[in-house]
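A closer look at the structure
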Amino acid sequence: MSTTGQGRVTGKRALITGAAGGLGVAMAWMLARQGAKVALTDVNLDGVQALASAINAELPGSAFAFAHDVTSEADWIAVVESAVAAMGGLSILVNNAGIGGELHYAESDTLENWHRVQAVNLDSVMLGCKHAMAHLRAAAPAAIINISSVAGLAAAPGMGAYNATKAAVWMYTKTVALEAAKQDWNVRCNSVHPVFIKTPILDPFVAMVGGDEATAHQKLARGIPMKRIGEPDDVAYCVLYLASDESKFVTGAEFKIDGGMLAQ
Ligand SMILES: NC(=O)c1ccc[n+]([C@@H]2O[C@H](COP(=O)([O-])OP(=O)(O)OC[C@H]3O[C@@H](n4cnc5c(N)ncnc54)[C@H](O)[C@@H]3O)[C@@H](O)[C@H]2O)c1
């Protein structure tokens, strides 16, 4: 991870959901070390409080932690207001929180699993865009980054609920991007599509593939031309670019972080 503090997002104020998890932690460090203030939110309050403490020990006053269930509209309203008050505004929203849900073929899926995955992976993105937009407009140039997946662009058996939500996030991103662009808001909206990245969300796949973790990761990498799975920083560097003004002419676009998998 870069610790050079080049200030690529100095003065920006970012809200990252699911920030206690693997990718969220990497994004939080990346944006903070590059000069942003970060509001870290998660259902796991202890996790984001510990992360904020660690970031503040290195970069005093940079990080704030909030309890946040991204499926709750009331939580979104409260958390956005708290984050804006703590940071003095909001110029970056990273809709990162997500779950894999249960693996089911269509015939055995349950409506409960389907609705849960929709709520966490998709309702959250709509609610975040809805309730952050006025603040993002006020702080423009601003950016929304929605974490989809390669599973939003290519299907896999047993992953119907996850595939459907991540594909919807991909398309919803474009709608929001066009709405903002047509109204000259200078709020860009892009989606990021990682393949397997080393985080706890892979645990069910590791268990399914079997063997120790390193062996399981190698097996998961078989379909990836670069012959490895990703590191959280591989995604965080893309988020940094999209959050910064370096990407000022980029909106409605999708970024695959997949070692070449979908190029095949
Ligand atoms: N790791 C991968 O291989 C991979 C690949 C493609 C896409 N993604 C996507 O990246 C994002 C982050 O995943 P990760 O790998 O860091 O997973 P993770 O399981 O390590 O972290 C996810 C975080 O989201 C939080 N969360 C879950 N439900 C929540 C809710 N209702 N409200 C608020 N927070 C909630 C969890 O507490 C956790 O901290 C997800 O959207 C995931 O679908 C991950």
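**Description of the domain arrangement of the protein**
- Here the domain parsing of the protein yields domain 1 (13–195 + 231–257) and domain 2 (199–229).
- Put simply, the middle of domain 1 and the middle of domain 2, counted by C-alpha atoms, are 24 Å apart.
- In this complex, domain 1 contributes eleven residues to the contact, which on the side of domain 2 involves eight residues.
- Taken together, both faces of the contact between domain 1 and domain 2 bury some 590 Å²; the carbon and sulfur share is 76%.
- Seen at the junction of domain 1 and domain 2, the total is one salt bridge.
- Arg-228 is the salt-bridge partner of Asp-234, the closest N and O atoms lying 3.1 Å from each other.
- At the boundary of domain 1 with domain 2, the tally comes to one residue pair in polar contact (both at pLDDT 80 or more).
- Those elements giving two or more residues to the side of domain 1 that touches domain 2 turn out to be helix H1 (22–33) and helix H8 (232–243).

What counts and what doesn't
- Residues numbered from 1 in each chain as written.
- Predicted model: local features only at pLDDT ≥ 70, side-chain atom pairs only at ≥ 80, totals over all residues.
- Heavy atoms only, no water.
- Domains from an automatic or database assignment.
- Contact = heavy atoms within 4.5 Å.
- Buried area = accessible area lost by both parts, 1.4 Å probe.
- Salt bridge = Lys/Arg side-chain N within 4 Å of Asp/Glu carboxyl O.
- Polar contact = N/O pair within 3.5 Å; in protein donor to acceptor, adjacent residues only side chain to side chain.
- Helix = DSSP H or I, 4+ residues; strand = E, 2+ residues; numbered from the N terminus.

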